[in-house]
Amino acid sequence: MELYEKTINELHLMLKSRQVSSTELTRAMLSRIEATDPDVNAFITVTAEQALKDAEMADQSISRGDCKLLTGIPVALKDIFLTAGVRTTCASRILHNFVAPYDSTAWARMKEQGAVLLGKLNQDEFAMGSSCENSAFGVTRNPWNFSHIPGGSSGGSAAAIAAQQAVATLGTDTGGSIRQPASHCGCVGLKPTYGRVSRYGVIAYASSLDQVGPITRDVTDSALLLGVIAGYDTKDSTSVDMPVPDYALALGRDIKGMKIGLPREYFIEGLDPDVQKAMDQAIATFRSLGAEIVDVSLPHTDYAVATYYLIATAEASSNLARYDGIRFGHRAENADGLIDLMFKSREEGFGTEVKRRIMLGTYALSSGYYDAYYLKAQKVRTLIRQDFMDAFSKADILLTPVAPTPAFRIGEKTAEPLQMYLSDIFTIPVNLAGICGISIQAGVSSQGLPIGLQLLGRPFGEETILQVAANFQKNTNWHTIKAAL
Amino acid sequence: MSINRTDIDYISNLARLALTENEKELFTEQMGAILMYVEKLNKLDTEGICPTSHAVPMENAFRDDIPATSIGIERALANAPDRHETYFRVPQVIE
């Protein structure tokens, strides 16, 4: 087994016992990036020089007997996380030259634990997209099949794990942007409960929905990394002041008698037969482990995509008002006065999908339409959230597919935004409800593409979904099947 | 709800976002289709339902007002497209 295939859990023990040095490991990851990234295009920026310096520092602290959980472990971040002194683009032309003046809290916490940064990962521009095709830095390709999308918006974060270019990565999830790419690339993606992880220093898309989470090779690493990044932050007043449990402790518990709910609205006609088959097999696995499978209903599921595209775009239109060419980012040349400078800088700096969402959100918030669109959507959001609370009175967790199909082909849905939006039907309601969810590999399609399974938990129920996911991985081999490249 | 070119011009002005002729044409059609799709929310009776602006119930978040250091002028200006001494410079506003 190559070094670059290993997990945080394995590498931490190897580093601690000096079986491998961080320099050796970091070099292995950098050569892997060099060998595979011309095809995959997961990285926007590779920070090779700094990574090797940090690896050397890590080796020095290990030799002093100081080896924290992530000391010397090479990781990478979606380019939405501010990283002091490192270019942070959010995959947008408008930030093509932006060097972050400070660290996001999630990254600062990983750094405190000794992590080594390999670079910044591709994504859909401002996290708006489901395919990683909306990037000013080119499309990321699915390591399982280069003609397919890796999913989005955290497509680079998932592809980098599938291509074994980083040991672990962070992504963000506003409507499925961690879980869907993790599913399409055959890795583990966790979207924590809203408020569990600080959003400070994470470039905002839709503030009431955005959440930070890990993408990893297995469930153990997901639990370990969540433990590092979770917790209250005075710099994010929406982060919740609750103790962070030792998530790894939950992994060893069995699931006998646990109630797993199947929301009937998610098992619809039109679900890809390979996806359906993977779900049926997973349900059988959980039954054999002693779980009780129960039928539940989330009656407002059909309204989630419409609700999401009003709330998310409205919040985005407000959040993205800051990109005006004045204080940072791209500034248009030859503008005729201050207002024209804003018009032109934004025209030149934003891609088509971002413009479309700013327009839609501005419309939804505009005078005379606020009640009909934004307020209406917020009320429906209450109904969607209530559906989940009702379901969790009958079941401990919910099991669903992550996406209706495996990864689609590059270019397949770019002409029809609404079709692209509808591909997020199973992940979007989770953000609207603010609950937690994890995506794990549960099959491979007849075309050789990975298929993900989604486990949803109560607010702050991360331990339960990790526990159930760990039991699945202990009793199946799907997570050991890797992209051949 | 259909969208016409006048609406697109009005919204693009509100958003301070210049659009090309092609984009205007594309968005007129696509936003019309998306707004037709979201019409389905009107099938739901939401009379008396409270809007959710925040998914996790929280009271106002207060903290102690303790002075702390900020990032400083140089770092704040480091990404400025144009600067003059300790200011962001913009095109002349007042004739």
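These notes cover the structure that comes with them. (Residues numbered from 1 in each chain as written. Chains lettered and ligands numbered in written order. Predicted model: local features only at pLDDT ≥ 70, side-chain atom pairs only at ≥ 80, totals over all residues. Heavy atoms only, no water.)

Before going further, it helps to spend a moment on the layout of surface pockets. The gaps of empty space that remain are located by a probe, the size of a water molecule, rolled over the atoms. As a volume, the largest pocket reaches approximately 440 Å³. Forming the boundary of the largest pocket are 21 residues, of which Leu82(A), Phe98(A), Tyr102(A), Arg322(A) and Phe328(A) lie nearest the centre. Its residues assigned to classes, the lining of the largest pocket comprises 14 nonpolar, 2 polar and 5 charged. A volume near 300 Å³ is recorded for the second largest pocket. In terms of lining residues, the second largest pocket is bounded by Tyr102(A), Tyr200(A), Thr234(A), Lys235(A), Arg63(B), Asp64(B), Ile66(B), Ala68(B), Thr69(B), Ser70(B), Ile71(B) and Arg75(B). (1 Å grid on protein atoms, 1.4 Å probe; cavity = no way out; pocket = protein on both sides within 12 Å on 5 of 7 lines; lining within 4 Å. Points joined across faces, edges and corners; volume = space filled by probe spheres on them. Nonpolar A, V, L, I, M, F, W, Y, C, P; charged D, E, K, R; others polar.)

Residues and elements named next belong to chain A. A sheet is described by the order of its strands in space; here 11 strands give the open sequence E1-E3-E2-E4-E6-E5-E10-E11-E9-E7-E8, paired in mixed fashion. Each of the sheet's edge strands pairs with one partner strand only, and the pair in question is strand E1 (43-46) and strand E8 (292-296). With strand direction ignored, the average angle separating the axes of adjacent strands in the sheet is 30°. Helix-sheet contacts for helix H9 (residues 273-288) involve strand E7 (259-263), E8, strand E9 (397-401), strand E10 (436-444) and strand E11 (450-457), and the interaxial angle to E11 is about 50°. (Pairing = 2+ DSSP bridges. Helix = DSSP H or I, 4+ residues; strand = E, 2+ residues; numbered from the N terminus. Axes fitted to C-alpha atoms, helices over the stretch in contact; angles between N-to-C directions. Contact = heavy atoms within 4.5 Å.)

Often, the extent of an interface is quoted as the loss of accessible area on bringing the components together. On the chain B side, the residues contacting the 65 residues of chain A number 53 residues. Summing both partners gives a buried area of about 5,300 Å² for chain A against chain B, and 70% of it is carried by carbon and sulfur. Viewed at the interface, chain B and chain A are joined by 2 salt bridges. Of the charged contacts, one joins Asp302(A) and Lys40(B) as a salt bridge, the two residues approaching to 3.2 Å between their closest N and O atoms. Taken together, the elements giving at least two residues each to the side of chain A that touches chain B come down to helix H10 (304-319), helix H11 (338-349), helix H12 (352-365), helix H13 (371-391), helix H14 (417-422) and helix H15 (428-433) of chain A. (Buried area = accessible area lost by both parts, 1.4 Å probe. Salt bridge = Lys/Arg side-chain N within 4 Å of Asp/Glu carboxyl O.)

On to the pattern of salt bridges, then. Going through the model one piece at a time under the given rule, you end up with 18 salt bridges over all chains. Here Glu353(A) and Arg357(A) are joined by a salt bridge, their closest N and O atoms 2.6 Å apart. Residue Glu353(A) and its partner Arg357(A) are both found in helix H12; the two are separated by 4 residues, about one turn of the helix. On the accessibility criterion, Glu353(A) (8% relative accessible area) is buried. Judged by its relative accessible area of 2%, Arg357(A) is buried. For Asp9(B), the salt bridge is made with Lys24(B), and the minimal N-O distance between the two is 3.2 Å. (Buried < 20%, exposed > 50% of the residue type's maximum accessible area, 1.4 Å probe, protein only.)

Attention now goes to the environment of Gly329(A). Residue placement: Gly329(A) occurs in the loop between H10 and H11. With 230 residues separating them along the chain, Gly329(A) and Val99(A) place their C-alpha atoms 9.2 Å apart. When neighbours within four sequence positions are excluded, Gly329(A) is seen to be in contact with Ile94(A), Leu95(A), Asn97(A), Asn79(B) and Pro81(B).

All names here are of chain A. Going through the model one piece at a time under the given rule, you end up with 3 cavities of 30 Å³ or more. For the largest cavity, the calculated volume is near 90 Å³. The wall of the largest cavity is formed by 14 residues, among which Gly129, Ser130, Ser177, Tyr308 and Asp424 lie closest to the centre. Counted as a void, the second largest cavity has a volume near 40 Å³. Every residue along the wall of the second largest cavity is listed here: Ser183, His184, Val275, Val402, Ala403, Thr405, Pro406, Pro450, Ile451 and Gly452. Only helix H6 (179-185) and E11 provide two or more residues apiece to the lining of the second largest cavity. When residues in the lining of the second largest cavity are grouped by element, the largest group, 3 residues, is from E11. Counted by class, the lining of the second largest cavity contains 6 nonpolar, 4 polar and no charged residues.

Glancing now at the packing of aromatic side chains. All names here are of chain A. Summed over all chains, the structure comprises 14 aromatic pairs over all chains. Judged by centre distance (5.3 Å) and plane angle (25°), the rings of Tyr102 and Tyr200 are stacked. Taken together, the positions of Tyr102 in the loop between strand E2 (74-78) and helix H4 (105-112) and Tyr200 in the loop between strand E5 (188-191) and strand E6 (211-216) put the pair 98 residues apart, joining distant regions of the chain. Of the aromatic side chains, those joined through ring pairs into one cluster are Phe98, Phe126, Tyr323, Phe328 and Phe350. The ring of Phe408 carries Lys413 above its face, with NZ or CZ at 4.6 Å from the centroid. (Phe/Tyr/Trp six-rings, centres within 6.5 Å; stacked < 30°, edge-to-face > 60°. Lys NZ or Arg CZ within 6 Å of the ring centre and 35° of its normal.)

Note that every value here comes from positions in space, so none of it alone points to a role or purpose.
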